[in-house]
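# Residue-level structure breakdown
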Amino acid sequence: MNTEKFVALHVKDVPPSGIRKFFDIASEMKDCISLGVGEPDFDTPWNIRESAIYALESGRTHYSSNHGSTELRHAILEYLDMRFGLKYDLPQLVVTVGASEALDLAFRAVINPCDEVIVPAPSYVAYMPGVSFAGGTPVPMVLREEDDFRITPESLKKAITPKSKAVIIAFPNNPTGAIMAKEDLENILPIIIEHDLLVIADEIYAELSYDKPHVSIASLPGMQERTIVINGFSKAFAMTGFRLGYAAGPKPLIDAMVKIHQYSMLCAPSISQDAGIEALRYECSHHFVQVKAMVSEYNRRRRLMYKSFNEIGLTCFEPLGAFYIFPNIGSTGLTADEFCTRLLYEKKVACVPGTAFGDNMDSFIRCSYASSLENLKEAVDRIKSFIENL
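Residues numbered from 1 in each chain as written. Predicted model: local features only at pLDDT ≥ 70, side-chain atom pairs only at ≥ 80, totals over all residues. Heavy atoms only, no water.

## What to know about the nonpolar core
The biggest cluster of nonpolar side chains holds 95 residues, and the ones touching the most others in it are Phe 233 and Phe 339. Here Phe 233 is in contact with Leu 72, Ile 76, Ile 204, Ala 238, Met 239, Leu 244, Tyr 246, Gly 276, Ala 279 and Leu 280, once residues within four sequence places are set aside. The next biggest cluster of nonpolar side chains, apart from the first, holds 33 residues, and it includes Ile 19, Val 139, Leu 143 and Ile 192. (Core = buried A, V, L, I, M, F, W, Y, C linked by side-chain atoms within 4.5 Å. Buried < 20%, exposed > 50% of the residue type's maximum accessible area, 1.4 Å probe, protein only. Contact = heavy atoms within 4.5 Å.)

## Thoughts on unusual backbone geometry
A cis geometry characterises the amide bond from Ala 121 onward to Pro 122, with omega recorded as 15 degrees. With respect to the element layout, Pro 122 can be found in the loop between strand S3 (116-121) and helix H6 (127-133). Between Phe 171 and the following residue, Pro 172, the backbone shows a cis peptide bond with an omega angle of -10 degrees. Note on placement: Pro 172 falls in the loop between strand S5 (164-169) and helix H8 (182-194). Phi is positive for Asp 148, which is not a glycine, with a value near 55 degrees. (Helix = DSSP H or I, 4+ residues; strand = E, 2+ residues; numbered from the N terminus.)

## A word on the pairing of strand S12 (residues 365-368)
Burial along S12 is two-sided: Ile 365 and Cys 367 and Arg 366 and Ser 368, pointing in opposite directions, are all buried. Examined bridge by bridge, strand S9 (residues 324-325) and S12 share 2 bridges and lie antiparallel to one another. Counted as the bridge partner of Ile 325 is Cys 367 from S12. With 2 bridges connecting them, strand S11 (residues 352-353) and S12 associate as antiparallel partners. Bridged to Val 352 within S12 is Arg 366. (Pairing = 2+ DSSP bridges.)

## Remarks on the packing of aromatic side chains
With the rule as written, the count across this model stands at 15 aromatic pairs. Judged by centre distance (5.6 Å) and plane angle (80 degrees), the ring pair of Phe 149 and Phe 364 falls under edge-to-face. Remark: Phe 364 occurs in the loop between S11 and S12 and Phe 149 occurs in the loop between strand S4 (137-142) and helix H7 (153-159); sequence separation between them is 215 residues. Geometrically, the ring pair formed by Tyr 205 and Phe 323 is edge-to-face, given 5.6 Å between the ring centres and 90 degrees between the ring planes. (Phe/Tyr/Trp six-rings, centres within 6.5 Å; stacked < 30°, edge-to-face > 60°.)

## Let's talk about the pattern of salt bridges
Oppositely charged side chains can pair when the atoms bearing their charge come close. Evaluated as defined, the whole model comprises 18 salt bridges. When the shortest N-O distance is used, the salt bridge between Glu 207 and Arg 83 registers 2.7 Å. Residue Glu 207 is located in the loop between strand S6 (198-202) and strand S7 (227-232), and its partner Arg 83 is located in helix H4 (residues 70-84); the two are separated by 124 residues in the primary sequence. Where Arg 226 meets Asp 196, a salt bridge forms, and the shortest distance between an N and an O atom there is 3.2 Å. Of the two residues, Arg 226 is situated in the loop between S6 and S7 and Asp 196 in the loop between H8 and S6; the sequence distance between them amounts to 30 residues. Assessed through its relative accessible area of 56%, Asp 196 is described here as exposed. One salt-bridge network, in which partners are shared between bridges, spans Asp 41, Glu 297, Arg 300 and Arg 301. (Salt bridge = Lys/Arg side-chain N within 4 Å of Asp/Glu carboxyl O.)

## A word on the environment of Ala 8
Position of Ala 8 among the secondary structure elements: in the segment before helix H1 (9-12). Under the relative-accessibility criterion, Ala 8 is labelled partly exposed at 33%. With 298 residues separating them along the chain, Ala 8 and Tyr 306 place their C-alpha atoms 43 Å apart.

## Focus: the sheet that holds S11
Across the sheet, which stays open at both edges, the 3 strands sit in the order S9-S12-S11 with antiparallel pairing between neighbours. Each edge of the open sheet carries a strand with a single partner, namely S9 and S11.

## Digging into the sheet that holds strand S2 (residues 93-96)
Overall, mixed pairing links the 7 strands, which are arranged S2-S8-S7-S6-S5-S3-S4 in an open sheet. Two strands bound the open sheet, and with one partner strand each, they are S2 and S4. On average, adjacent strands in this sheet sit at an angle of 20 degrees to one another, irrespective of strand direction. The sheet contact formed by S3 and S4 spans 6 bridges and is parallel. Looking at S4, one finds that Pro 120 is bridged to Met 141. (Axes fitted to C-alpha atoms, helices over the stretch in contact; angles between N-to-C directions.)

## Here we look at the side chain of Ser 371
Take Ser 371: it is sitting in the loop between S12 and helix H13 (373-388). Judged by its relative accessible area of 8%, Ser 371 falls in the buried class. Setting aside residues up to four positions removed in sequence, Ser 371 forms contacts with Asp 41, Arg 301 and Leu 376.

## Looking at the packing of H4 against helix H10 (residues 270-285)
Closest axis-to-axis distance for the H4/H10 pair is 9 Å, and the angle between their directions is 35 degrees. The two elements H4 and H10 meet at a crossing, and its hand is left-handed. Here Glu 71, Leu 72, His 74, Ala 75, Ile 76, Glu 78, Tyr 79 and Met 82 of H4 lie close against H10, whose contacting residues are Gln 273, Gly 276, Ile 277, Leu 280, Arg 281 and Cys 284. Counted by class, the contact of H4 with H10 contains 8 nonpolar, 3 polar and 3 charged residues. (Left-handed = near helix turned anticlockwise from the far one by under 90°. Nonpolar A, V, L, I, M, F, W, Y, C, P; charged D, E, K, R; others polar.)

## Examining the side chain of Asn 299
With respect to the helices, strands and loops of the structure, Asn 299 is situated in helix H11 (residues 289-311). The class for Asn 299 is buried, based on a relative accessible area of 17%.

This is the structure in structure tokens:
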């Protein structure tokens, strides 16, 4: 029986993630150094793990409200106000199963068939498929290396059509490490307002900003009422396995997202929510000491990778956020896929081709520096040897 015929066409037409292909091979390759998957290499801080253990041993294993526990939501509201100057009421916030679910809920809550959503290119691999799964049409907005991969008024205007409904603003950016400073955001505000666009702001890397503190687009005049802010605990608090995220925004939009959430996920894991409370309460009362320690170490690695890649001839702009670097490998004469495939099999270093994150990125590769300095130095040495042997 041909069961493939039962797969929905809009699912069948979406290619699998370009990240997982190289990660899966690397995971089974002895002595391979993986710079592929974007996950903190730090353990979750002990006080956070201990709070999850205490919740489990105390029998706090039941459903929470669909919106999330009241205590956690209050902690998130305090955090958003303290760090980014964002003020929300309790009904304007929903706790989700990771930031990924928050994105999915946002897409499904606002997209009608034929609606277009402007997606930065390059950007996180899930945006375009997520829009397609929700019945919309993703429209790439090409970000250029010469603009440090920032959104410019020109790139945004070029992507807008009469069918445009929303734009994704995702900075600090995965895969480039680019940021949007306050003045960069201010430059595109008039265009967003003129064309009455909703903003879906993925700010999961907000704490990982090295040059200056992150500025949320929702904090700028006239933007909070047209922005859904997505964030979570995975990157800043090294809590990827806890699957805990949230979305904040205008109440009608959050209400629509909760409606989908209550019929699908119901609520985020209660044990993870207790861990999230501890993460925020501790960091807010201790001047973010654990977050700053991790960010400081990422910054050391960032500087190493930026200096090393430029020295071996893989020019790249300086990433100022997240934990990725996006070198240009065009000088090697190889396509991104050829470069990554040969590097993996010949030198046992796993990177991700730029084409996994958008079209016209065939001259770039993404390397994550969420790994030890020792591993990163060895990886760079292997990449240098690989290039010299071409």
